[in-house]
Amino acid sequence: MIRFAAASALALLTLAACDRSQPAAPAPSPESTTQAPAPVAQPAAENALTAEGLGQARIGMTLAELTAAWGADANPGLVGGADPQACDEFHPAKAPQGVNVMVQNGVLTRITLMRDAAVKTDRGIAVGDQAAAVKQAYGATLIAQPHKYEAAPAEDLFAWTKGGSSRYVTDATARGVRYEVGSDGKVKMIHAGDPSIQLVEGCA
């Protein structure tokens, strides 16, 4: 009986030694508490016109701020309005080609893409595109109005992002984009900004 007990004890010691010879399983590593960095919001592309502006030129900035961003009037000899102190339209020296601005009482109120502009809106629409492309891009939110001087299919297509309506908008905080469509059914100018986008004869 004693020999049996001794043999049993020896067997247990042998098993214990074998267990110690095996490498211990690594303890599960605690889950990292470091959060992945939040994605950084990308600024609007420099060549994307929105209701709020284009690149560094933002609707509502002062003339001094606009000049710091895009430079002074590239053609100061041209008259952009009957009363330039109250309203003036011009092409800033550092602005993209085919881009004009409207400044009213010392504040940037409108940015216009002309026929030689390479800039597009944030919906991918450029001067020269078909009106159908504008309507497809905006859907039911678009407001169509007859063109003041040209017969259909000429029209004005308004995409208000803030404070707009189908009537004449006077709220200075309103923002939108107006696509001016010619009689050929193509976009001939694009205006973005505050209610001044409704003006059909420059400053008038």
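So, how was this worked out
Residues numbered from 1 in each chain as written. Predicted model: local features only at pLDDT ≥ 70, side-chain atom pairs only at ≥ 80, totals over all residues. Heavy atoms only, no water. Helix = DSSP H or I, 4+ residues; strand = E, 2+ residues; numbered from the N terminus. Buried < 20%, exposed > 50% of the residue type's maximum accessible area, 1.4 Å probe, protein only. Contact = heavy atoms within 4.5 Å. Areas by Shrake-Rupley, 256 points an atom, 1.4 Å probe, with all protein chains shown as cover. Salt bridge = Lys/Arg side-chain N within 4 Å of Asp/Glu carboxyl O. Pairing = 2+ DSSP bridges. Axes fitted to C-alpha atoms, helices over the stretch in contact; angles between N-to-C directions.

Asker: Give me the lowdown on the overall build of the chain, citing residues and values where you can.
Answerer: Scanning the chain from N- to C-terminus turns up three helices and 11 strands. When the 204 residues of the chain are sorted by exposure, 37% land in the buried category. Taking contacts inside the chain between residues at least 6 apart in sequence as the whole, the part at least 24 apart equals 47%. Element-wise, carbon and sulfur atoms account for 58% of the exposed surface of the chain, whose accessible area totals about 12,400 Å².

Asker: Kindly report on the pattern of salt bridges, identifying the contributing residues and their values.
Answerer: Inspection of every chain in the model, using the stated rule, returns six salt bridges. The shortest N-O distance in the salt bridge between Glu 155 and Lys 135 comes to 2.9 Å. Placement of Glu 155 in strand E9 (residues 155-162) and of Lys 135 in helix H3 (residues 131-138) is noted, with a sequence separation of 20 residues between them. Among the salt bridges present, the one from Arg 178 reaches Asp 156, with a minimum N-O distance of 3.2 Å. With Arg 178 in strand E10 (residues 175-181) and Asp 156 in strand E9, this residue pair connects regions lying 22 residues apart in the sequence. For Arg 178, a relative accessible area of 1% gives the class buried. Several salt bridges converge on common partners, so that one network encompasses Asp 156, Arg 178 and Glu 180.

Asker: Outline the sheet that holds strand E1 (residues 48-50), supporting the account with residue identities and numerical values.
Answerer: Spatial strand order, E3-E2-E1-E7: four strands in an open sheet with mixed pairing. Single-partner strands in this sheet number two, and they are strand E3 (57-58) and strand E7 (120-121). Pairing analysis gives two bridges linking E1 to E7, with the strands arranged parallel. Its bridge partner lying in E7, Ala 48 is registered against Lys 120.

Asker: Before we move on, can you summarise the sheet that holds strand E8 (residues 143-146) with the specific residues and values?
Answerer: Strand pairing in a sheet relies on backbone hydrogen bonds. The paired strands run either parallel or antiparallel. What the seven strands build is an open sheet, ordered E4-E5-E6-E11-E10-E9-E8; its pairing is antiparallel. Every other strand in the sheet has two partners, leaving strand E4 (87-90) and E8 as the edge strands with one partner each. Across the sheet, the mean angle from the axis of one strand to that of its neighbour is 20°, orientation sign disregarded. As paired strands, strand E5 (residues 99-104) and strand E6 (residues 107-113) are joined by six bridges and run antiparallel to one another. Bridge assignment links Val 103 to a residue of E6, and that residue is Leu 108. The strands that helix H2 (residues 63-70) touches are E4, E5 and E6; relative to E5, the one it contacts most, it runs at about 160°. Sheet contacts for H3: E9, E10 and strand E11 (187-193); angle to E9, the most-contacted strand, approximately 25°.

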